[in-house]
Amino acid sequence: MNRRISWLLAIAGLAIAAVVVAPLLRPSSNRPAGPAGLVGQLAPVFDLRTDTGAPASLARYRGRIVVMNLWASWCPPCRAEMPDLQRLARLYAGRGVAVVGVNQGEAPQRARAFATSLGISFPIWIDDRQQYGRVYAALGLPTTVIVGRDGVVERGFDGPLTFQQMRSAVAGAVSGR
Amino acid sequence: MRVPALLAAAICVLVTIELVLPGRSLYHAGWYNVALAALAIWCALAARKRCAKAPGALARWAIVIVAFGAGVSAFAGVVSGLFAADNRTVVGAPGERVHLGEIGAVLAFPLAERSDGVRLVDSGNAARSIGARWSDVGSAMLRTRSRQVVAVDARTPGGGHLTVTQPTGSVFLSPVLLMQQRQQIAGMNLPYDSFAVPAAHRIVKAVLFTPQEAATLRGAAAGAPAVLFAVDDEEDRPLPHAIALASDGEAIALGGLQLRPSVISYPAVEIVAAPSLPVVAAGVALVVAGIAALAADAWRRRKVVTR
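The rules behind each value
Residues numbered from 1 in each chain as written. Chains lettered and ligands numbered in written order. Predicted model: local features only at pLDDT ≥ 70, side-chain atom pairs only at ≥ 80, totals over all residues. Heavy atoms only, no water. Helix = DSSP H or I, 4+ residues; strand = E, 2+ residues; numbered from the N terminus. Rg over C-alpha atoms; globule rule 2.2 N^0.38 Å. Buried < 20%, exposed > 50% of the residue type's maximum accessible area, 1.4 Å probe, protein only. Contact = heavy atoms within 4.5 Å. Lys, Arg positive; Asp, Glu negative; His and termini not counted. Charge placed at Lys NZ, Arg CZ, Asp CG, Glu CD. Expected span 1.5 Å × (residues − 1). Arc of directions from axis to C-beta. pLDDT = per-residue confidence, 0-100. Patch = residues over 30% accessible without salt bridge, like charges linked within 9 Å, V, L, I, M, F, W, Y side chains within 5 Å. Areas by Shrake-Rupley, 256 points an atom, 1.4 Å probe, with all protein chains shown as cover. Salt bridge = Lys/Arg side-chain N within 4 Å of Asp/Glu carboxyl O. Polar contact = N/O pair within 3.5 Å; in protein donor to acceptor, adjacent residues only side chain to side chain. Nonpolar A, V, L, I, M, F, W, Y, C, P; charged D, E, K, R; others polar. Disulfide = S-S within 2.5 Å. Phe/Tyr/Trp six-rings, centres within 6.5 Å; stacked < 30°, edge-to-face > 60°.

Chemist: Help me out: how do you make sense of the overall build of chain B in this one?
Modeler: When helices and strands are tallied, chain B shows five helices and 15 strands. Its C-alpha atoms give chain B a radius of gyration of 29 Å, clearly above 19 Å, the size a compact globule of 307 residues would have. Out of the 307 residues belonging to chain B, those deemed buried represent 48%. Taking all contacts inside chain B whose residues are at least 6 apart in sequence as the whole, residues at least 24 apart take part in 57%. Between the centroid of the 28 positive side chains of chain B and the centroid of its 20 negative side chains there is a distance of 23 Å.

Chemist: What exactly am I supposed to notice about helix 1 (residues 2-20) of chain B here?
Modeler: Think of an α-helix as 3.6 residues a turn; residues three or four steps apart then line up on the same face. All names here are of chain B. Counted at 1.5 Å a residue, the expected span for helix 1 with its 19 residues is 27 Å, and the 26 Å between its end C-alpha atoms agrees. Those residues of helix 1 lying buried are P4, A5, L7, A8, I11, C12, V15, E18 and L19. All buried residues of helix 1 fall inside an arc of 165° around its axis, so they share one side. Of the residues in helix 1, the exposed ones pointing more than 90 degrees away from the buried face are R2, L6 and V20.

Chemist: Quick question: what am I supposed to make of the confidence of the model for chain B here?
Modeler: A residue-level look at chain B finds 97% of positions with pLDDT of 70 or above and a mean pLDDT of 90. Taken together, the chains of this predicted complex give a pTM of 0.84 and an interface ipTM of 0.86.

Chemist: Hey, could you run me through a nonpolar patch on the surface in this one?
Modeler: On the surface, V13(B), I17(B), V20(B) and L21(B) cluster together into a nonpolar patch covering about 330 Å² of accessible area. Mapped onto the fold, V20(B) is located in helix 1.

Chemist: Explanation requested: the side chain of R147(B) in the structure shown.
Modeler: All names here are of chain B. Locating R147 in the fold gives a position in strand 7 (residues 140-155). There is a polar contact of 3.4 Å between the side chain of R147 and the backbone oxygen of M179. The residues contacting R147, other than those within four sequence positions of it, are V91, L178, M179, Q180, I264, S265, Y266 and A268.

Chemist: What exactly am I supposed to notice about the interface of chain A and chain B here?
Modeler: Much of the literature gives interface size as the accessible area that the parts lose upon coming together. With 42 residues of chain A in contact, the opposing surface of chain B contributes 39 residues. The interface formed by chain A and chain B includes zero salt bridges. Between the two partners, chain A and chain B, sit eight residue pairs in polar contact (both at pLDDT 80 or more). Mapped onto the side of chain A that touches chain B, the elements with two or more residues apiece are helix 1 (2-21) and helix 4 (131-135) of chain A. In the side of chain A that touches chain B, the residues fall into 23 nonpolar, eleven polar and eight charged.

Chemist: Even after reading the chapter, I still don't get the environment of G255(B), so can you show me in this structure?
Modeler: All names here are of chain B. Position of G255 relative to the elements: it lies in the loop between strand 14 (252-254) and strand 15 (257-273). Between the C-alpha atoms of G255 and P167, which are 88 residues apart in sequence, the distance is 20 Å. Residues contacting G255, with those up to four places away along its chain left out, are R202, V231, L239 and A242.

Chemist: Is there a simple way to explain the state of the cysteines in this structure?
Modeler: Working definition: the covalent bond between the sulfur atoms of two cysteines is a disulfide. Applying the stated rule across the entire model yields one disulfide over all chains. Between the sulfur atoms of C75(A) and its disulfide mate C78(A) the distance is 2.2 Å. Its torsion about the S-S bond being 80°, the disulfide of C75(A) and C78(A) is classed as right-handed. For the pair C75(A) and C78(A), one class covers both residues: buried. Its sulfur unpaired, C12(B) is 8.7 Å from the next cysteine sulfur, which belongs to C43(B).

Chemist: So what exactly am I meant to see when it comes to the packing of aromatic side chains here?
Modeler: Given two aromatic rings, their pairing is described by the distance between the two centres and the angle made by the two planes. Applying the stated criterion across every chain yields a total of eight aromatic pairs over all chains. Feature note: the residues F46(A), Y132(A) and Y136(A) constitute an aromatic cluster, connected by ring pairs.

This is the structure in structure tokens:
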């Protein structure tokens, strides 16, 4: 009897110790900082306006892959990247991929003038409260987020991308890699 | 049997108090946890002594269960007190997601413009709201605490919006200043923060005054908090005549900018270590069951004797 009790207590004690101690031994999360940390999450949707005042929302693009580029006119790398984004938009026009430029915190006139000067024809959204910049954990500008057909964030990039990098990222999203 | 039962009850009460009144620094004190462990050892030794003199199998099992339950509760309390992370407050920016390694979950702070509360999102993307009352999340307890932050609107003199950035803040593109630093001004220890307006090549420092503190300053609106802005160029050199006070919601022209602060209440999250609720509950249940079994056995034996 005593031996049986001892064994039972030992097993029960070990099980309880495991339950109590296990959470404390959990390794720290290694989620990346910045927009890449949101991969796998549903992309937040905010009701914005375009630079011409029309309503703009990510919800309208469900079923398409969306390349969301966060930018501002005072950002030199954003200016350098814009022509490649325009090229990407033209390459994938009518193929279920949309490129959207989301201006962070500036007036529509300033954003429109900037886009016009660079010959940008893809939609320009005005995020005057910088909501996308905050929820995408932008570490700086430009920041690019690729949202899949189901509205889930597929890729997130901090900093400017080359045209090849953009193409590769979109191709991956299209093929589901 | 009184000694082990009393010791077990004391242990259960002490550990349960940690769950009912969480966050006290006492629970992390070395001497407190040593005392808890000592009580558990004393209970075990006393139970062992009583076990040898127990009148029957039921009494023996009951004593063992009481001691085991006390040991389980004490173990949960000591592990939480000595090995869990220290109490802390997480101040997140609106829209920020803060990873809590000790819990394996993410705190999602709402955008200030929305009325959603702070949510705790686990690895399976299941979310629960964290409110002002303590929420048990396993090895810790969380609750929100309101604090004052400043949302800044920056525009050109013509009224056009300008991007606000916080290069040294936790969220680069947040126009909400968390006011976590402190600065001494005129004998007052005041919350302080800074932000940049890159398009205008400006860096702006902001100091927050409560309504009572603002009342002592000339130019502040009565009964409202106020923010003192100081505008520098992008080399951190102060601009001439570029320091002024703005009441909550008031727009002022300063250093080539139009600045308007909005002082808002925004939640921070307090995290405190706590013993595992299911384990403590199991320990308490074992102690109660064991004491009840002992009482029932003693009553049964008295009845047999008196018959």
